[in-house]
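A look at the structure
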Amino acid sequence: MQILGICGSLRKASLNMAALRACSELLPQGMSLRITSIADLPMFNQDVFDAGIPEPAKRLRAEIAAADGVLIACPEYNFSLTAALKNAIDWSSRPPNQSWQDKPVAIFSVTPGPLGGARVQYDVRRILGQLWAHVLPRPEVFIGASASKFADGKLTDETTKKFLADLLAGFKPWIERMRVKK
Ligand SMILES: Cc1cc2nc3c(=O)[nH]c(=O)nc-3n(C[C@H](O)[C@H](O)[C@H](O)COP(=O)(O)O)c2cc1C
């Protein structure tokens with residue numbers, strides 16, 4: 001089972017990316033994670049799309065299409081998702097063959113504040129829902145107070161690791177359940 005990881009933060013020292021990397025060590029048996037980059041996508045422009053999908057967007061669309069599931073780690077910017085993540089979704093959402101159709105997705109978020117990105121997750125769910133992605137309803141993982149949970153760019157908090165492991169363990173049967181016969 002191949003999972004594609006997407007991080008909504010472009011920051012070099014992103015804690016969402018650090019948590020996504022930590023997921024590689026927390027996967028249930030039979031699941032593997034490859035993390036892609038959305039940093040090289042140009043800003044979505046329908047004229048550019050119509051003239052020929054740029055290589056980074058083509059690559060992302062193919063990666064999502066090929067994955068059995070997508071794991072999104074997203075910070076909260078102004079109570080919602082980052083422009084980078086929305087841009088990645090926009091590039092991969094346009095027909096033909098929009099990439100999110102029937103795609104199982106799991107989400108978590110990391111923020112320095114106490115709520116851990118509750119609001120961003122509901123916006124991402126709303127957006128992906130209308131693209132017919134199947135977002136895992138539970139467990140929800142909100143990693144707040146991040147300053148105390150990471151050290152030297154690594155996730156160190158054992159309780160948080162357990163929450164992420166539970167999310168991934170729940171994602172596996174969700175992917176099996178949502179698999180569409182083609
Ligand atoms: C433009 C901007 C808006 C932000 N808005 C919020 C917010 O609404 N809620 C929140 O919890 N954190 C907010 N933050 C803080 C981010 O959650 C924090 O920078 C987070 O660590 C970014 O994730 P990263 O470490 O993966 O880059 C904001 C940060 C930026 C740069």
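Residues numbered from 1 in each chain as written. Predicted model: local features only at pLDDT ≥ 70, side-chain atom pairs only at ≥ 80, totals over all residues. Heavy atoms only, no water.

Quick word on the nonpolar core
Judged by nonpolar contacts, the single largest core of 29 residues is most densely connected at Leu71, Phe108, Leu164, Leu167 and Phe171. Contributions of two or more residues to this core are made by β1 (2-7), α1 (15-23), β3 (69-73), β4 (104-110), β6 (141-143) and α6 (158-178). Considering every element that reaches this core, the biggest residue donor is α6, with seven residues. Not counting the four nearest positions on each side in its chain, leucine 71 is found in contact with Ile3, Leu4, Gly5, Ile6, Leu20, Cys23, Leu33, Ala106, Phe108, Leu167 and Leu168. Grouped together as the second largest cluster of nonpolar side chains are 28 residues, Ile6, Leu81, Ala88 and Val135 included. (Core = buried A, V, L, I, M, F, W, Y, C linked by side-chain atoms within 4.5 Å. Buried < 20%, exposed > 50% of the residue type's maximum accessible area, 1.4 Å probe, protein only. Helix = DSSP H or I, 4+ residues; strand = E, 2+ residues; numbered from the N terminus. Contact = heavy atoms within 4.5 Å.)

Quick notes on the site of the ligand
Taken together, Ser9, Arg11, Ser14, Leu15, Asn16, Pro75, Glu76, Tyr77, Asn78, Phe79, Thr111 and Pro112 make up the full set of residues adjacent to the ligand. Between serine 9 and the ligand, the recorded distance is 2.6 Å, taken from a side-chain N or O atom to an oxygen atom. For the ligand, an oxygen atom lies 2.8 Å from a polar atom in the side chain of asparagine 16. About the coverage of the ligand: the protein hides 71% of its 620 Å² of free accessible area. Here the residues of the shell around the ligand sort into five nonpolar, five polar and two charged. (Near = heavy atom within 4 Å. Polar contact = N/O pair within 3.5 Å; in protein donor to acceptor, adjacent residues only side chain to side chain. Areas by Shrake-Rupley, 256 points an atom, 1.4 Å probe, with all protein chains shown as cover. Nonpolar A, V, L, I, M, F, W, Y, C, P; charged D, E, K, R; others polar.)

Some details on unusual backbone geometry
A cis amide bond links proline 95 to the next residue, proline 96, at an omega of 0°. On the secondary structure map, proline 96 appears in the loop between α4 (83-91) and β4. Geometrically, the link from arginine 138 to proline 139 is a cis peptide bond, its omega value of 0° lying close to zero. Here proline 139 shows up in the loop between β5 (134-135) and β6. Of note in the backbone geometry, phenylalanine 79 takes a positive phi value of approximately 70° without being a glycine. Positioned with a positive phi, aspartate 152 is a non-glycine residue whose angle comes to about 50°. Of note, aspartate 152 is situated in the loop between β7 (150-151) and β8 (154-155).

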